[in-house]
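Remarks on the overall topology
Now for the letters of each chain:
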Amino acid sequence: MPTYKAPVADTLFVLNDVLGYERYANLSGFADAGPDMLEAILGEAAKVAENVMHPLNRVGDEEGCVRNADGSVTTPKGFKQAYDQYREGGWMSLSIPAEYGGQGLPYTVHSAVGEYMSSANMALMMYPGLTQGAIAAILEHGSDEQKQTYVPKMAEGVWTGTMNLTEPHCGTDLGLLRTKAVPNGSGGYKISGQKIFISAGEHDMAENIIHLVLARIEGAPEGVKGISLFIVPKFKLDDDGNAGERNGVSCGSIEEKMGIHGNSTCVMNYDEAEGYLIGAENGGLKAMFVMMNEARLGVGMQGLSIGEIAYQNAVSYAKERIQGRSISGPKAPEKKADPIIVHPDIRRNLMNMRAFNEAGRALILWTALKSDVAHRSEDAKDQEAADDHLGLMTPIIKGVLTDKGFEHAVMAQQVFGGHGYIEEHGMSQFVRDARIAMIYEGANGIQALDLVGRKLAMNGGRAIQAFFKEVGDFCEENRADEKMAPLTKALKKGLNDLQAATMWLMQNAMAKPDNAGAASTDYLHLFGLVALGYMWARMAKVSHDKLAEGASLPIYDSKLVTARYFMERIMPETGAHLARISAGADSMMALEAEAF
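Cut-offs used in this document
Note on numbering: residues in each chain are counted from 1, in written sequence order. Local features in a predicted model are, by the rule used here, given only for residues with pLDDT of at least 70; side-chain atom pairs are given and counted only at 80 or more, and totals for whole chains, interfaces and linings are based on all residues. Side-chain measures were taken over the full set of non-hydrogen atoms in the model, leaving aside hydrogen atoms and water. We count a stretch as a helix when DSSP gives it H or I for four or more residues in a row; a strand needs E for two or more, and each element gets its number in order from the N terminus. For the radius of gyration, the atom set is restricted to C-alpha positions; the globular benchmark scales as 2.2 Å times the number of residues to the power 0.38. Any residue under 20% of the maximum accessible area for its type is buried, any over 50% is exposed, and the rest in between are partly exposed; the area is computed with a 1.4 Å probe on protein chains only. By the convention used here, residues are in contact when the closest approach between their heavy atoms is within 4.5 Å. Only the protein chains shown count as covering a residue, and every accessible area follows the Shrake-Rupley method with a 1.4 Å probe. Any pair of Phe, Tyr and Trp rings, taking the six-membered ring for Trp, is counted once the centres come within 6.5 Å. Such a pair is stacked with planes under 30 degrees apart, edge-to-face with planes over 60 apart, and tilted for the rest. Strand pairing is assigned whenever DSSP detects at least two bridges linking the two strands. Buried Ala, Val, Leu, Ile, Met, Phe, Trp, Tyr and Cys residues that are joined via side-chain atoms within 4.5 Å together make up what is termed a nonpolar core. Note on geometry: axes are C-alpha line fits, over the in-contact stretch for helices, and angles between N-to-C directions span 0 to 180 degrees. In this scheme the crossing of two helices becomes right-handed for a clockwise turn of the near helix relative to the far one and left-handed for an anticlockwise turn of less than a right angle. Each residue gets one of three labels, nonpolar for Ala, Val, Leu, Ile, Met, Phe, Trp, Tyr, Cys and Pro, charged for Asp, Glu, Lys and Arg, and polar for the others, Gly among them.

Quick look at the overall build of the chain
- Assigned secondary structure in the chain consists of 18 helices and 11 strands.
- Here the chain has a C-alpha radius of gyration of 24 Å; the compact-globule value for 596 residues is 25 Å, and the two agree.
- Counting the 596 residues in the chain, one finds 58% classified as buried.
- Pairs at least 24 residues apart make up 73% of the contacts formed inside the chain by residues separated by at least 6 positions.
- Taken as a whole, the chain presents about 24700 Å² of accessible surface, with 52% of it coming from carbon and sulfur.

The structure is reproduced here in structure tokens:
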């Protein structure tokens, strides 16, 4: 059976030592979660993740969700009780503003906690995760009345939320959606249509489910310009604001999926359901993007989370499983064979997973801090820079970390050998669960196109130029440090490759758009390597400084070894990405469709 231990010490190292968490004490909420409180919160979150959520992960996979004859859905055994513990512990409301019943703590704290919970039970944590996104959209675009009506109970967790975009005939191309909204004459709308792939669309864990639904008002323009966003509760609200009469929304079926069986992914039918416009008429896509961006960061974290728990179990197995002898001589002569962790190829798998996980954690927490600055700072310039960072990093975090999360789940399965293919050891579930993160909330190919087609040129390239400058300045400042030089040299080479790829796109994508499409995935991963490499360089710098000051914690030595591994064995991949980008689209697009 798989096990899980929340990486609290590593999270604290990143936040306190690398990112300077205390420097943000001037932002609202940070004073209530100082270093001591932060450590206490993460410690308690670890207990919930390890002892409440994780034991149900396999249960959810084996039992799945059941749609009953009346259209209701029963979640796996123990899910509701675990969710109740999560809700009653206040974990749902960590970063929700206090005026809506939340605790107002930093989004950074919420993100750190979220990693542990998602590693422990990804399917279960999708229920509150989607609710967080719905809350964000309502807070950003809802009226004061809507905020007061819905957010407090969602923050408390007695109501949950969903995001309803996809329809049978359209996925990413939302301009094709057919769900319609007809004014009902009393300020609301009748919503009719069908949505598919709706995570947490129907379940038994909350008193009400607040659906955010994209629909087209009668007479609205065609395409994405005519889309509006609506709040459609499962139960209409009575005069006191409580769940009352059943609305015209129902679960038609539960999708039969490869993984995340514990989450009820539903076909949702809307039959003149009562809905309420949120935000401006025909402004639904803008309003929904708030939720989508929140969800994309959450999905990126799912990639990290699966990679982390898969890595932990691969390490445990590699230390225990004896097979063959080390090619450099026996390491356990008292045994009939050596533990497989002595073999270089096993180490390759483990070090790859470790290097990406630890840098990925730093990248997510760095970006979470930027989100806090963007939403809590009173300095307009700081807000702008932080918002630029969020826009630039969202597709990278979503695309790169979910691609790698799946890859690392497969690597962990490979470490187990034949036992990894057997359900008993749990590696299969990690592989199956990880696969969806590359697809939903915008498939990773779409994330790559978003980065290349929108984010690079946004605001005259202000965000990417700021990133180039920050990484370049770091390399220059530490170039003369002989301990840092091997790392900064490798990082600078990766940065040079990224800048060359960016220049190539500027020169070749406008005249021939297929060049941008052909380059996009390589560019996404090239950018990801440089961003992760920058995190490793910063972690190494702190570790060197701590050791120079006389500190002797094992984490510092481990960080330096893993940083060197990343720079020597992984960062050189930037050159291959640049070569593929520079090759252009000709060979990729040359064959006629009939030739395939």
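Comments concerning the packing of aromatic side chains
- Going through the model one piece at a time under the given rule, you end up with 11 aromatic pairs.
- Pairing Tyr150 with Trp159 gives two aromatic rings, centres 6.2 Å apart and planes at 55°, and the pair type is tilted.
- Taking relative accessible area as the criterion, Tyr150 reaches 6% and is therefore assigned buried.
- Accessibility expressed as a relative area gives 0% for Trp159, which makes it buried.
- Taking the centre distance of 6.1 Å and the plane angle of 75° together, the rings of Tyr523 and Phe527 count as edge-to-face. Here the residue Tyr523 and the residue Phe527 both occupy positions in helix α15 (residues 513-548), the gap between them amounting to four residues, near one helical turn. The pair formed by Tyr523 and Phe527 is uniform in burial state, with each residue classed as buried.

Remarks on the pairing of strand β7 (residues 228-233)
- Taken across its six residues, β7 has six buried, putting it largely inside the fold.
- Burial along β7 is two-sided: Ser228, Phe230 and Val232 and Leu229, Ile231 and Pro233, pointing in opposite directions, are all buried.
- Note that strand β6 (residues 208-217) and β7 share six bridges and pair antiparallel. For Leu212, the partnering residue across the bridge sits in β7 and is Ile231.
- Across three bridges, β7 lies against strand β11 (residues 265-278) in antiparallel orientation. From the neighbouring strand, Ile231 faces β11, where its bridge partner is Tyr276.

Observations concerning the nonpolar core
- Core analysis: the largest hydrophobic core is formed by 193 residues, its most contacted members being Met117, Leu350, Phe467, Leu491, Tyr523, Phe527 and Phe566.
- Per-element accounting of this core gives the leading share, 18 residues, to helix α8 (residues 284-320).
- Not counting residues within four places of it along the chain, the set of residues in contact with Phe467 comprises Trp366, Leu392, Met393, Leu498, Phe527, Val530 and Ala531.

Observations concerning the environment of His544
- Checked against the element boundaries, His544 lands in helix α15.
- Looking at His544, the relative accessible area reads 16%, which means it is buried.
- In the structure, His544 is positioned 60 residues away from Met484 in sequence and 8.4 Å away in space, judged by C-alpha atoms.

Things to note about the packing of helix α14 (residues 485-508) against helix α16 (residues 554-570)
- Running from amino to carboxyl end, α14 crosses α16 at an angle of 35°, the nearest separation of the two axes being 9 Å. Here α14 runs over α16; the crossing is left-handed. Residues Leu487, Ala490 and Leu491 of α14 pack against Ala563, Arg564 and Met567 of α16.
- Residue composition of the contact of α14 with α16, grouped by class: five nonpolar, no polar and one charged.

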